[in-house]
Amino acid sequence: MSNAPMHQEPPSPEPPFPEPLYLEPRLESALESLLKETSFLQGLVAALGSPLHILLPEQIASNAERFRGVFRRHQLTGRIFFAHKANRSSSLVRRLAATGERLGAGLDVASLGELRHGLGAGFAGERVVATGPKSPEFLWLAARSGVTVNADGVQEVEEAARLVRTYGLPRVRLLLRLSEFETPASGTRTLSRRSRFGTPVKALDTLLDAVERHRDALEPIGVGYHLDTTGLDEKATALEGCLRAMEELRIRGFTPRAVDVGGGFGTGYLAHAGQWDRYTSALTDAVMGGRPPLTWGGHGYGLRVENGTLKGSLALYPAYRSVAGPGYLDALLSRPAPGLGRPLGTLLLESMYELFAEPGRALADQCGLSLATVLEVRRAEAGEYLVRLAMNAGDVSLEDHGVLMDPVLLPQEDGRGHGRGEGPVGVHLMGNLCLESDLITRRRVCLPRLPRQGDLLAFANTAGYCMDFGATHAQQQPLARRVAVWQEERGTGGWRWRLDEEYWPITRTGTDTDTGTGTDTDTGSGSGTGTPTGGPYA
């Protein structure tokens, strides 16, 4: 199936929806300002192709500052590690590396490739933590570089010690990752959900025995956890369990100093709670047969009907969240420990422990968007509108992560076709792969008007896991290119850009990258691409 646009007039739309089910994205000032620059974005796509990912490296520094504000509020020291797996971007990682010690920003790497990328971006080893499954090569480079290793079990502890002794490596700093925490016995006993990462708390003694055998090679600096949940109660139980485990390390004669609460702070994708509630209610009604389907093929996102009874549960990310990101961390630290009854942040402070956190999605919040050109608009026999994009589901993996939100329609600025098809219309977004399953989203999207060939659709806030996490070269379709953009004059001037891999913090400013102040030293755009057609580039 070709990606070449088919020159055609858009079909006449059906009558407007009686009740459009919008899911409008939450846009903070930088993304909102960028989306108003239609000529700039159209010019980038014209020069660099569709799909195209846009990164805002200044935003990740601002997000790190917000997390640091929570640390200050609770009078805690420690470090904020960006979970690199959330995005492959060089510009985001390099900009975060330039924040220096003032923000205490670090990098969480989950592969050898991510570690090499982080070190090459400017991170010193002491600002990096290694997590996830670890090959011997990954462990070797982590140890050689002075990276802290988040050890999941006895085997990793033994392997780290072997590498240190065999290759004369520096003593490795360890965080012992734990799992399967229990609430104190005085109340109702509950067990946190299982995780493939970490050692069950009941096996802590066995893990500490292994660490003790290798005191000369390993330095346990603390403990942590990884929980795939948004539930504050479970995380409060885990954090209190970590505090108890720290005491066990002290009893063994170690001097632990840090507790790692992992990630999972979340992001609020939608602007309006009412739209989310309305859509999920309507989806339930559609699954039950009370209204026409809202999705391709009647997909229920985990809901189904059996013998007239609604079964299953909604398998979607909670796209509207009133408490997320730094606010979620603040809520966790303010929460009373289930057993000890005092705020968890206070307990950390009184014990003089450092706090480590590993946000991914939350630190990448508002840091990017994904653009796609509309190639074709047609009306199916059943009356539904099908919009084919120069993009596939792997390029913007909203469905894989259960994220539902509307794209922003960016019409061409040539004046052709305006005034036709005004009013809300429902469309299905189709990808560019020759697969029935290649749907950008299974949900029928409601747009303010029918798009036409050559328009852009902008998927906002995709930098956290939804930008390149599932990207492939399927059917030899090109991978999306990435561009870093920033505003001149500290957010009030025009937009500038460079290819993501060619962005460096000194490109952006001439003095203080830690605070974002300084003089713009960039004298060109796009490193070898020239000035894209249609954009206001200096």
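What this report covers is the structure whose coordinates are included nearby. Not measured: the values here are computed from a predicted model.

Cut-offs applied
- Residues numbered from 1 in each chain as written.
- Predicted model: local features only at pLDDT ≥ 70, side-chain atom pairs only at ≥ 80, totals over all residues.
- Heavy atoms only, no water.
- Salt bridge = Lys/Arg side-chain N within 4 Å of Asp/Glu carboxyl O.
- Buried < 20%, exposed > 50% of the residue type's maximum accessible area, 1.4 Å probe, protein only.
- Helix = DSSP H or I, 4+ residues; strand = E, 2+ residues; numbered from the N terminus.
- Pairing = 2+ DSSP bridges.
- 1 Å grid on protein atoms, 1.4 Å probe; cavity = no way out; pocket = protein on both sides within 12 Å on 5 of 7 lines; lining within 4 Å.
- Points joined across faces, edges and corners; volume = space filled by probe spheres on them.
- Nonpolar A, V, L, I, M, F, W, Y, C, P; charged D, E, K, R; others polar.
- Domains from an automatic or database assignment.
- Expected span 1.5 Å × (residues − 1).
- Arc of directions from axis to C-beta.
- Contact = heavy atoms within 4.5 Å.
- Phe/Tyr/Trp six-rings, centres within 6.5 Å; stacked < 30°, edge-to-face > 60°.

1. What to know about the pattern of salt bridges
Step number 1: Within this structure, the stated rule accounts for 31 salt bridges.
Step number 2: Two residues, Arg-378 and Glu-376, come together in a salt bridge whose shortest N-O distance is 3.5 Å.
Step number 3: Residue class for Arg-378 comes out partly exposed when judged on its relative accessible area of 42%.
Step number 4: Two residues, Arg-443 and Asp-406, come together in a salt bridge whose shortest N-O distance is 2.7 Å. Of this pair, Arg-443 sits in the loop between strand 16 (422-430) and strand 17 (445-449) while Asp-406 is found in the loop between strand 14 (385-389) and strand 15 (408-410), placing the two residues 37 residues apart along the sequence.
Step number 5: On the accessibility criterion, Asp-406 (4% relative accessible area) is buried.
Step number 6: Here the salt bridges do not stand alone but share partners, grouping Asp-205, Asp-209, Glu-212, Arg-215 and Arg-252 into one network.

2. A closer look at the pairing of strand 10 (residues 303-306)
Step number 1: Relative to strand 11 (residues 309-312), strand 10 runs antiparallel, the two sharing 4 bridges. Note that in strand 11 the partner of Leu-303 across the bridge is Gly-312.
Step number 2: The hairpin turn running from strand 10 into strand 11, its antiparallel successor, is 2 residues long, and Asn-307 in that turn takes a positive phi close to 50°.

3. Structural notes on the layout of surface pockets
Any empty space left between the atoms is revealed when a probe the size of a water molecule rolls over them.
Step number 1: Taken as a whole, the largest pocket spans an internal volume of roughly 850 Å³.
Step number 2: Around the largest pocket, the lining is made up of 33 residues, and of these Lys-85, His-226, Asp-228, Gly-264 and Tyr-465 lie nearest the centre.
Step number 3: Residue classes in the lining of the largest pocket are distributed as 11 nonpolar, 12 polar and 10 charged.
Step number 4: No fewer than three residues from each of domain 1 (1-56 + 271-316 + 367-538) and domain 2 (58-267 + 322-357) sit in the lining of the largest pocket.

4. Some remarks on helix 8 (residues 154-167)
Step number 1: The terminal C-alpha atoms of helix 8 lie 20 Å apart, and with 14 residues this matches the ideal 20 Å at 1.5 Å per residue to within 8%.
Step number 2: Taken together, the buried positions of helix 8 are occupied by Glu-156, Val-157, Ala-160, Ala-161, Leu-163 and Val-164. An end-on view of helix 8 places all buried positions within 160° of arc, on one side of the element.
Step number 3: Those residues of helix 8 hidden inside the fold are in contact with helix 7 (136-145), strand 5 (148-151), strand 6 (172-179), helix 9 (204-213) and strand 8 (218-225).

5. A few points about the packing of aromatic side chains
Step number 1: Enumeration according to the criterion identifies 6 aromatic pairs in this entry.
Step number 2: A centroid spacing of 6.1 Å and a plane angle of 70° characterise the contact between Phe-265 and Tyr-328, whose relative ring orientation is edge-to-face. Here Tyr-328 lies in helix 12 (residues 326-334) and Phe-265 lies in the loop between strand 9 (258-260) and helix 11 (273-287), a separation of 63 residues in the sequence.
Step number 3: By relative accessible area, Phe-265 is classed as buried at 2%.
Step number 4: On the basis of relative accessibility, which here comes to 2%, the residue Tyr-328 falls in the buried class.

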